[in-house]
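Single-letter residue listing:
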Amino acid sequence: MNKELNSNKYFERFFHLSENKTTIKREALAGLTTFVSMAYILFVNPNILGASGMNKGAVFTATALSAILGSLLMGFLANYPIAIAPGLGDNAFFTYSVVLAMGIPWQKALTGVFIAAVLFTLVSIFKIREIIIDAIPQDLKYAMAAGIGIFIAFVGLQDGGLIIANKSSLVSIGSFAVPTTWLTIFGIFFTGILMSKKIPGSIFYGLFATTALGLVTKLIKWPTHLISFAPSLKPTFGACLMHLSILRSPQMWAVVLIFFLVAFFDTAGTLIGLAQQAGIMKNGKMPRIGKALMADSLSMLGGSVMGTTPTSAYVESSTGISVGGRTGLTAVVVAILFGFSMLFSPLLKVVTSQVTAPALIIVGVLMATSMKEIHWDKFEIAFPAFLVIIGMPLTYNISYGISFGFLTYPIFMLAAGKRKDINPIMWLLFFVFIVLLYVLNILPK
């Protein structure tokens, strides 16, 4: 009994469970739900980076270790229920744009990630990132939350096979003749019914039930074995430190700039959206935002040394927040489960994209509710907010959606005669995003 009381005091001291109206059990369930929703990165990241010539086994281990590092830092430093792991957009840019398109060896490209991480850490130490995030108008923060919600719902619909690519109309409805698509449909209805009944843990139960149905119907293969020790980190560890001479190349500085800016605003937008969903925001600002950004920066730095692309706050954390996660204990549980996953990785294969798709779709609905807080009656605000929301799913990129809003907000506010309401930092971001789009060859040269 005394041990249990001491344990509760320990968790209370570090995570302030009572203050956040949550419990150890609820935080553990939230951590498990978040982990299940994002565990796919353990297999997707090695496949994408493997195309650049990197050792897949080493990338698998680096992915897990960087997720452990980032989530622990987020949990203990910032006390946020937000997990960190290598971001999907950044690894695709690394492989297909930098290594394959620009012809830069993966070792040198990884050095670019390392330099960007160092810059990240410096601006976090001096609280520059915190100042920038606080300067973002509240309406655009609501738009970021809604945009991310629609974006992840779009991803869920795609992963579940409910929508597919179409040459003439870009997207169209998927085929219901594909058996695995019915796993997603089952998951949506099963989870949706539980949500309608306001049953706690509905999303997690939906994930479990959908996985069970897949195994029983043999749409999901049973794992052939249970234990598989993590591969060696040696092929990638420290490779980024061997090519610091690339700093003399203007081309590599452009790569560093892109990694820095894209990762900056992906994480900033995600943090704001998730904090909005969790009810963490106070007076339009995130408390302890500096510590959260420091956790993100240090995990990116550590991940680059281990051999993976930039880490970022994961939108899938929204699934854990939806089942009640409110403190850093949720993130710590995610870190612990990533540690276990290094031993039992074969079991993760049963959680397919069709299983996690319903969770993403339903969470997208929950996050999209922040649109009701936007001042739609003021066009100078409504238009930039709309571009943020619609830009994320249509460009399949959080940063692009944010850039559309940030490039139009100052101009429309100026036209409306509200020059004094524009924070000077918003004008700075206006020019920063112009540079970013120019470097990415989106603007004409």
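This report concerns the structure included in the present document. (Residues numbered from 1 in each chain as written. Predicted model: local features only at pLDDT ≥ 70, side-chain atom pairs only at ≥ 80, totals over all residues. Heavy atoms only, no water.)

## Re the environment of Leu 293
- Within the element layout of this structure, Leu 293 appears in helix α12 (residues 289-306).
- Judged by relative accessible area, Leu 293 falls into the buried class, the value being 1%.
- Put simply, Leu 293 and Ile 125 are 168 residues apart on the chain and 9.1 Å apart in space, counted from C-alpha to C-alpha.
- With near-sequence residues (within four places) excluded, Leu 293 lies in contact with Ser 124, Arg 129, Glu 130, Ile 133 and Leu 271. (Helix = DSSP H or I, 4+ residues; strand = E, 2+ residues; numbered from the N terminus. Buried < 20%, exposed > 50% of the residue type's maximum accessible area, 1.4 Å probe, protein only. Contact = heavy atoms within 4.5 Å.)

## Here's the deal with the pattern of salt bridges
- One pass over the full model with this rule turns up 1 salt bridge.
- For Glu 380, the salt bridge is made with Lys 418, and the minimal N-O distance between the two is 2.5 Å. Of this pair, Glu 380 sits in helix α16 (residues 379-395) while Lys 418 sits in the loop between α17 (398-415) and α18 (424-439); the two residues are 38 residues apart in sequence, bridging distant segments of the chain. (Salt bridge = Lys/Arg side-chain N within 4 Å of Asp/Glu carboxyl O.)

## Quick look at the packing of helix α10 (residues 202-216) against helix α15 (residues 353-368)
- Contact geometry of α10 with α15 gives a least axis separation of 8 Å together with a crossing angle of 155°. Between α10 and α15, the angle falls in the class roughly antiparallel. The handedness of the crossing between α10 and α15 comes out as right-handed. Side by side, α10 and α15 meet where Ile 203, Leu 207, Thr 210 and Thr 211 of the first sit next to Gln 354, Val 355, Thr 356, Ala 359 and Val 363 of the second. (Axes fitted to C-alpha atoms, helices over the stretch in contact; angles between N-to-C directions. Parallel < 35°, antiparallel > 145°, perpendicular 65-115°, else oblique. Left-handed = near helix turned anticlockwise from the far one by under 90°.)

## Some details on α17
- Taking 1.5 Å as the rise per residue, α17 with 18 residues should run 26 Å; its terminal C-alpha atoms sit 27 Å apart, in good agreement.
- Along its length, α17 shows its largest kink, about 30°, at Tyr 409, and proline Pro 410 lies within four residues downstream of that point.
- Buried residues of α17: Ile 398, Ser 399, Gly 401, Ile 402, Ser 403, Gly 405, Phe 406, Leu 407, Thr 408, Tyr 409, Pro 410 and Met 413, and no others.
- Once α17 finishes, Gly 417 follows within two positions and takes phi at roughly 75°, a positive value. (Expected span 1.5 Å × (residues − 1). Bend = angle between axes of the 7 residues up to and from the residue.)

## Notes on helix α9 (residues 181-196)
- End to end, α9 covers 23 Å across 16 residues, agreeing with the expected 22 Å (1.5 Å per residue, within 8%).
- If you check which residues of α9 are buried, you get Thr 181, Leu 183, Thr 184, Ile 185, Gly 187, Thr 191 and Leu 194.
- Here the buried face of α9 lies against α10 and α15.
- Lys 198, located one to two residues past α9, shows a positive phi value of around 60°.

## Description of a nonpolar patch on the surface
- Taken together, Val 118, Leu 119, Leu 122, Ile 125, Phe 126, Ile 128, Leu 247 and Trp 253 make up a surface patch of nonpolar side chains, about 690 Å² in accessible area.
- The dominant element in the nonpolar patch, judged by the number of residues it contributes, is helix α6 (residues 106-125), at 4 residues.
- Summarising the element assignment, Phe 126 is placed in the loop between α6 and α7 (128-135). (Patch = residues over 30% accessible without salt bridge, like charges linked within 9 Å, V, L, I, M, F, W, Y side chains within 5 Å. Areas by Shrake-Rupley, 256 points an atom, 1.4 Å probe, with all protein chains shown as cover.)

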